[in-house]
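Architecture at a glance
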Amino acid sequence: MSHSDPSGMQPRRFAPTGPLKGRIRVPGDKSISHRSIMLGALAVGETRVTGLLEGEDVLSTAAAMRAMGAQIERRDDGEWRIHGVGVGGLLQPQAALDMGNSGTSTRLLMGLVSSHAITASFVGDASLSRRPMGRVIEPLSQMGADFTASPGADGSQTLPLMVRGAAPAVPITYRLPVASAQVKSAILLAGLNTPGITTVIEPVPTRDHSERMLKGFGAELEVEVEADGTRIIRLRGEAEFRPQRIAVPGDPSSAAFFVVAALIVPGSDLVIENVGLNPTRAALFAVLRQMGGSIAELDRREVGGEPVADLHVTHSALTGIAVDPAVVPSMVDEFPVLFVAAALAQGRTVTSGLEELRVKESDRIAVMHAALELAGAAVTETTDGLIIDGTGGEPLPGTPAGAVVATQLDHRIAMAMAVAGLASCAGVEIDDTRPIATSFPAFERLLDGLAA
Ligand code: S3P
């Protein structure tokens, strides 16, 4: 769904509510949900998925896979059932695929289409239409696919774009020039219907949900880790997929907002159930602990082949730190809310190596700089990060009357600044809550429920 129409904007002031206490459960992981639908749609037979995130981004993926031939239904009990077309069996979509706000849907599906004898057009909202697609067009072109993209403001290649897939596509060996799980996954998904071995070399590890799930569905995939940590991922194409039963663990990127909220709001004592703790995703919790945050893992277990625990979080005095840039890929989506934690910490937090944040749903460095400053935080922007001098636990002033945080169609900016509002004097007014539904439709309900 597009939230580009300014006449429908839903502004809201997030004001202090008192301590956050009790237990909540976060919705399914967005990355794993996308991949469950895509891979289920390539298996012959019925894949069953529980705990799927029913956010707009994932629904965009489901609509696209239906448009290319898969049968995908939600049962009344919340289970999703997918009847796939088989690897290589995607059908020509009859209309443009509307990707809404979702970069993951777009880039992964560009990969899938690239090795099928079909042509597909991709369109998206204003935010997605600004994001760079050259990073996937380049390797997928080497595999034989043909692209016509729109020119972006800075010479980049953007949506709307059209992909003509190659059949057969050519297997490649590709070294990732940016640390991006989306680029890695696009190439691997293209490799599924490509004869021979497709190889991705990943100098900096990124989330590995694609590798885990491709193996689960029966693909021949191996990962070699070199002495310096470089990962070499080899996938044999023309795989036959067996349908799976998948339980999607809770999304650590959604849990992040409540973890930080409980840390910065005095008196809080909160348990967040069912949080995925895949090591390629969980660095935020380690960084917050390094800052002095009390975050305990209860009942560590496995859900859907991923480590999961309930997180017990209590209000903590935080101290600023220099965040090691090596952890950036394992918390790439969590910086907006980490910046909020830093704004409440004692002393200075320095972040660097965050260039990729400038090409997310918004330029998250610039947008969080402006947003936090409006709420009264002391923030300096560098080319690749923010430097934040925290209040030492005192609430932020909040946004002045008549001033509104511009969230730029970015769900994570909206949720991060909602959390900032909880630890402010006057509250934080944001311009539009609608984009929150792309990844976390229940966010406001959960927050309001804790307040009540
Ligand atoms: C994702 C990868 C990351 C992340 C995004 C989801 C994925 O993007 O920011 O929210 O599911 O593969 P990049 O690959 O651009 O870093």
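Residues numbered from 1 in each chain as written. Predicted model: local features only at pLDDT ≥ 70, side-chain atom pairs only at ≥ 80, totals over all residues. Heavy atoms only, no water.

1. What to know about the pairing of strand 9 (residues 157-164)
Cut-off, in case you're wondering: Pairing between two strands requires that DSSP report at least two bridges joining them. For the purposes of this entry, the term helix denotes a DSSP run of H or I that reaches at least four residues, the term strand denotes a run of E that reaches at least two, and both are numbered from the N terminus.
When strand 7 (residues 119-123) meets strand 9, the two strands line up antiparallel, connected through 4 bridges. The residue of strand 9 that forms the bridge with Ser121 is Met162. Relative to strand 9, strand 8 (residues 146-151) is paired through 6 bridges, and the arrangement is antiparallel. The residue of strand 9 that forms the bridge with Asp146 is Arg164. Counted between consecutive antiparallel strands, the loop separating strand 8 from strand 9 contains 5 residues, among which Gly155 sits at a positive phi close to 85 degrees.

2. A few points about the site of the ligand
Formally: We call a residue near a molecule or strand as soon as one heavy atom of that residue lies within 4 Å of the molecule or strand. For this analysis, a polar contact is any N or O atom pair within 3.5 Å, provided that within protein one partner can donate a hydrogen and the other can accept it, and provided that sequence-adjacent residues contribute only side-chain to side-chain pairs. Exposure was quantified through the Shrake-Rupley algorithm and a 1.4 Å probe, taking into account, for residues, occlusion by the shown protein chains and nothing else. Three classes are used: nonpolar for Ala, Val, Leu, Ile, Met, Phe, Trp, Tyr, Cys and Pro, charged for Asp, Glu, Lys and Arg, and polar for all others, with Gly counted as polar.
The environment of the ligand is formed by Lys30, Ser31, Arg35, Thr104, Arg107, Ser180, Ala181, Gln182, Arg207, Val332, Asp333 and Lys360. Take Ser180: an N or O atom from its side chain is 2.6 Å from an oxygen atom of the ligand. Between an oxygen atom of the ligand and a main-chain N or O atom of Gln182, the distance comes to 2.8 Å. Taking 380 Å² as the accessible area of the ligand by itself, protein coverage stands at 96%. Among the elements that make up the shell around the ligand, the one with the highest residue count is helix 1 (residues 30-40) (3 residues). A class-by-class count of the residues in the shell around the ligand yields 2 nonpolar, 4 polar and 6 charged.

3. Here's the deal with the sheet that holds strand 16 (residues 294-303)
For the record, the criterion: The axes are straight lines fitted to the C-alpha atoms, using for helices just the contacting stretch, and the angles between their N-to-C directions are given from 0 to 180°.
The 4 strands lie next to each other as 2-15-17-16, forming an open sheet whose pairing is mixed. A single partner strand is all that each edge strand has here, and the edge strands are strand 2 (21-25) and strand 16. The mean inter-strand angle of the sheet, taken between neighbouring strand axes irrespective of direction, is 15 degrees. Two elements, strand 16 and strand 17 (residues 306-314), share 8 bridges in a ladder whose sense is antiparallel. Counted as the bridge partner of Arg301 is Val308 from strand 17.

4. Digging into the pattern of salt bridges
Pairing is possible between side chains of opposite charge, provided their charged atoms come close. What counts is decided by this rule: The rule for a salt bridge is simple: a side-chain nitrogen of Lys or Arg has to be within 4 Å of a carboxyl oxygen of Asp or Glu. Exposure classes here rest on a 1.4 Å probe applied to the protein chains alone. A residue is buried below 20% of its type maximum, exposed above 50%, and partly exposed in between.
Throughout the structure, instances matching the rule amount to 39 salt bridges. Ionic pairing is found between Arg234 and Glu224, a salt bridge with its closest N-O pair at 2.9 Å. Placement of the pair is Arg234 in strand 13 (residues 231-236) and Glu224 in strand 12 (residues 220-225), with a sequence separation of 10 residues. We classify Arg234 as partly exposed; its relative accessible area is 26%. For Glu224, a relative accessible area of 36% corresponds to the partly exposed category. Note that Arg364 and Asp333 form a salt bridge whose closest N and O atoms lie 3.7 Å from each other. Residue Arg364 is found in helix 10 (residues 364-374), and its partner Asp333 is found in the loop between strand 17 and helix 9 (335-344); the two are separated by 31 residues along the sequence. For the residue pair Arg364 and Asp333, the accessibility class agrees, reading buried in each case. Among the charged side chains, a network of salt bridges with common partners joins Arg131, Arg207, Asp333, Glu361, Arg364, Asp410 and Arg412.

5. Overview of the domain arrangement of the protein
Worth spelling out the cut-off: Bear in mind that the domain bounds are from an automatic or database domain assignment. In short, buried area is how much 1.4 Å probe accessible area vanishes from two parts on joining, totalled over both.
Assigned domains of the protein: these are domain 1 (12-28 + 249-451) and domain 2 (30-236). The straight-line distance from the C-alpha centre of domain 1 to that of domain 2 is 28 Å. Taking both partners together, domain 1 and domain 2 bury about 2,100 Å²; carbon and sulfur atoms supply 48% of that area. Applying the counting criterion to the domain 1 and domain 2 interface returns 4 salt bridges.

6. Observations concerning helix 3 (residues 103-114)
What counts here: What a helix is expected to span follows from its residue count: subtract one and scale by 1.5 Å.
Counted at 1.5 Å a residue, the expected span for helix 3 with its 12 residues is 16 Å, and the 16 Å between its end C-alpha atoms agrees. The buried count for helix 3 comes to 12 of 12 residues, which makes it a mostly enclosed element. Those residues of helix 3 not exposed but buried are Gly103, Thr104, Ser105, Thr106, Arg107, Leu108, Leu109, Met110, Gly111, Leu112, Val113 and Ser114.

7. A look at helix 1
Burial analysis of helix 1 places 11 of its 11 residues in the buried class, the great majority of the element. Among the residues of helix 1, Lys30, Ser31, Ile32, Ser33, His34, Arg35, Ser36, Ile37, Met38, Leu39 and Gly40 are the ones counted as buried. Capping the start of helix 1 is the job of one residue whose side-chain oxygen sits 2.9 Å from the backbone nitrogen of Ser31: Asp29.

8. Comments concerning the sheet that holds strand 18 (residues 348-350)
Put simply, the rule reads: Contacts between residues were defined by any pair of non-hydrogen atoms, one from each residue, lying within 4.5 Å.
Pairing is antiparallel across the open sheet formed by 3 strands, whose spatial order is 18-20-19. Of all strands in the sheet, those bounded by a partner on one side alone are strand 18 and strand 19 (378-382). Pairwise comparison of adjacent strand axes, ignoring direction, gives a mean angle of 15 degrees for this sheet. Its contacts with the sheet put helix 10 on strand 19 and strand 20 (385-389), and the angle it makes with strand 19 is roughly 160 degrees.

9. Regarding the packing of helix 9 against helix 10
Heads up, the condition is: In this scheme the crossing of two helices becomes right-handed for a clockwise turn of the near helix relative to the far one and left-handed for an anticlockwise turn of less than a right angle.
Taken N-terminus to C-terminus, the directions of helix 9 and helix 10 make an angle of 35 degrees; their axes are 10 Å apart at the nearest point. Every pair of crossing elements has a handedness; the one defined by helix 9 and helix 10 is right-handed. On helix 10, the residues touching Pro336, Phe339, Val340 and Ala343 of helix 9 are Arg364, Met368 and Leu372. Partitioned by chemical class, the residues of the contact of helix 9 with helix 10 number 6 nonpolar, no polar and 1 charged.

10. A closer look at the environment of Leu386
Tracing the backbone shows Leu386 in strand 20. Look past the residues within four positions of Leu386 in its chain and what remains in contact with it is Phe339, Thr349, Val350, Thr351, Ile365, Met368, His369, Val379, Thr380 and Glu381.

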